[in-house]
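Tertiary structure, described
Listed below are the residues making up each chain.
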Amino acid sequence: MEEAYQTESVGIKPLLRVLDGAREAIPPVWMMRQAGRYLPEYRAVREKAGGFLDLCFNPELAAEVTLQPVRRFGFDAAILFSDILVIPLALGRKVEFQVGEGPRLEPLADTAALDSLHETIDTKVLAPVYETVSRVKSALDSKTTLIGFCGAPWTVATYMVAGEATPDQAPARLFAYRDPAGFGRLIDRLVQGSIEYLVGQLKAGAECVQIFDTWAGVLGPEQFERWCIQPTQKIVEGVRRQVPGAKIIGFPRGVSAMALAYADMTGVNGIGIDWTFEREIARDTLQSRVAVQGNVDPLALLAGGTALEREVDDVMATLSGGRLIFNLGHGILPNTPIAHVEQMLKRMRR
Ligand code: CP3
């Protein structure tokens, strides 16, 4: 049923067409973190909702902020408003967001602490997210794609182990070196939870999903293969077993050359690249394998002016000859002027 639906919608939705192997003269465009603090309409809803997690679990308000950037800018995709850290929450961990400080979790110090995790994710926790997905889906027009997402097991594990954002993810890397079998158990639990979570989103109406591996770039090649590529491959396989043909974008941030192995081994349809990735290399090696998504430097977007024009022109000149989903190399920064987003869109669509 899902498969029939997806195949049907590929024809009219530019983003799905690109993930399916086509090239678009004017590439589909969206921005990571497109629903967020740079928008006054987001800040207004956020205030009304209370805490950040209250907003994530309020289907009416979460659907509203998901749709805001699509209405304002006419993006080709809406991305579900939620967070990657709802999975630790559904596994029984405490997760909090303090204003201006980022996430705080109870740290998972050792293997013994793993025993306190639920065996499987608590579906009651995630039910409001699925409701958000179906609300957004019924509000979107026939050309706009709805993207669901989860964090990759490695990236989610880095927050679970450290309990907060750290500059180099040393706590999770140390855990993995000292006790690979124990760390593997945590990763496996996250793989199973992520499969269930993504399938839930796809069944609720998401038309493709993105796996955010924000901290992939801190790992050496061997560790990257073990903790990022293999778990992602299991998620891709597990999701497609239940939703055949599911479209999946991977975002292994900061891995440059290792993106090739990631493309070949995981089976994703598209790869997000950050702004440090050489565009010629993405064109020559990645675009024949998968769709490429990216990769304007969010700081060039913040700067605006000629710096932004040069950045947009370079992405288009180098990558728009192949399968491209135009995007940033990472999330939009909260102090970015709205006029710069308009400038970027005007420039890339001309
Ligand atoms: O618009 C969208 O992209 C959809 C919503 C979305 C959010 N987080 C909302 C959010 C998505 C896809 C995410 C993913 C996410 N969350 C990642 C992976 C992508 C990335 O940016 O690297 C990570 C690492 C997280 C964990 C997380 N959530 C952190 C570290 C923080 C604090 C840093 C920050 O930007 O404030 C968050 C909070 C968060 N998630 C906000 C938003 C809009 C800001 C909170 C607020 O509104 O007060």
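What you see as residue numbers is a count from 1 along each chain, following the sequence as written. Where totals are concerned, whole chains, interfaces and linings use all residues; where local detail is concerned, this predicted model gives features only for residues with pLDDT of at least 70, and gives and counts side-chain atom pairs only at 80 or more. Excluded from the side-chain calculations are hydrogens and water; all other atoms, namely the structure's heavy atoms, are used.

**A word on the overall build of the chain**
For the record, the criterion: Helix numbering and strand numbering both begin at the N terminus, where a helix is a DSSP run of H or I of at least 4 residues and a strand a DSSP run of E of at least 2. We take the radius of gyration over the C-alpha atoms and set the globule estimate at 2.2 Å times the residue count to the 0.38 power. Classification of residues uses two cut-offs on accessible area relative to the type maximum, computed with a 1.4 Å probe and protein chains only: under 20% is buried, over 50% is exposed, and between them is partly exposed. Between two residues, a contact is recorded if the distance between any of their heavy atoms is within 4.5 Å. For the area figures, the Shrake-Rupley method with a 1.4 Å probe applies, and any residue is considered shielded solely by the protein chains shown. The charge count treats Lys and Arg as positive and Asp and Glu as negative. His and the chain ends do not count. All charge positions are set by atom: Lys at NZ, Arg at CZ, Asp at CG, Glu at CD.
If you tally the helices and strands in the chain, you get 17 helices and nine strands. The C-alpha radius of gyration computed for the chain amounts to 19 Å, which stays within 12% of the reference 20 Å derived for 350 residues, consistent with globular compactness. Along the three orthogonal principal directions, the C-alpha set of the chain runs to about 55 × 45 × 45 Å. Put simply, the chain has 350 residues, and 58% of those count as buried. Considering only contacts in the chain between residues 6 or more positions apart, those separated by 24 or more positions represent 74%. Of the roughly 13900 Å² of accessible surface on the chain, 51% is carried by carbon and sulfur atoms. For the chain, the separation between the mean place of its 37 positive charges and that of its 42 negative charges on side chains is 3 Å.

**Looking at the site of the ligand**
For clarity, the threshold we go by: We call a residue near a molecule or strand as soon as one heavy atom of that residue lies within 4 Å of the molecule or strand. Counting of polar contacts relies on pairs of N or O atoms within 3.5 Å, with two restrictions inside protein: one atom must be capable of donating a hydrogen and the other of accepting it, and residues adjacent in sequence are counted only when both atoms are side-chain atoms. All amino acids are sorted into three groups, where Ala, Val, Leu, Ile, Met, Phe, Trp, Tyr, Cys and Pro are nonpolar, Asp, Glu, Lys and Arg are charged, and the leftover types, Gly among them, are polar.
Around the ligand sit 22 residues, and of these Arg33, Tyr42, Arg46, Thr214 and His330 come closest. Separating an oxygen atom of the ligand from a backbone N or O atom of Arg33 is a distance of 2.7 Å. Residue Gln34 places a main-chain N or O atom 3.2 Å away from an oxygen atom belonging to the ligand. Surface burial for the ligand is 88%, taken as the share of its 860 Å² of free accessible area covered by protein chains. For the shell around the ligand, the secondary structure elements donating two or more residues are helix H3 (40-49) and strand E3 (102-105). Each residue belonging to the shell around the ligand can be placed in one class, and the counts come to 13 nonpolar, five polar and four charged.

**Topic: the sheet that holds strand E5 (residues 208-213)**
In plain terms, the rule: A pair of strands is labelled paired if DSSP reports no fewer than 2 bridges between them. Orientation is described by lines fitted to C-alpha atoms, with helices fitted over the stretch in contact, and by angles between N-to-C directions that extend from 0 to 180 degrees.
Here we have seven strands laid out as an open sheet, ordered E1-E4-E5-E6-E7-E8-E9, and parallel in their pairing. The outermost strands of the open sheet, each flanked by one partner alone, are strand E1 (77-79) and strand E9 (324-328). Across the sheet, the axes of successive neighbouring strands diverge by a mean angle of 25°, strand direction being ignored. The sheet contact formed by strand E4 (residues 145-151) and E5 spans five bridges and is parallel. Directly across from Gly151, in E5, lies its bridge partner Phe212.

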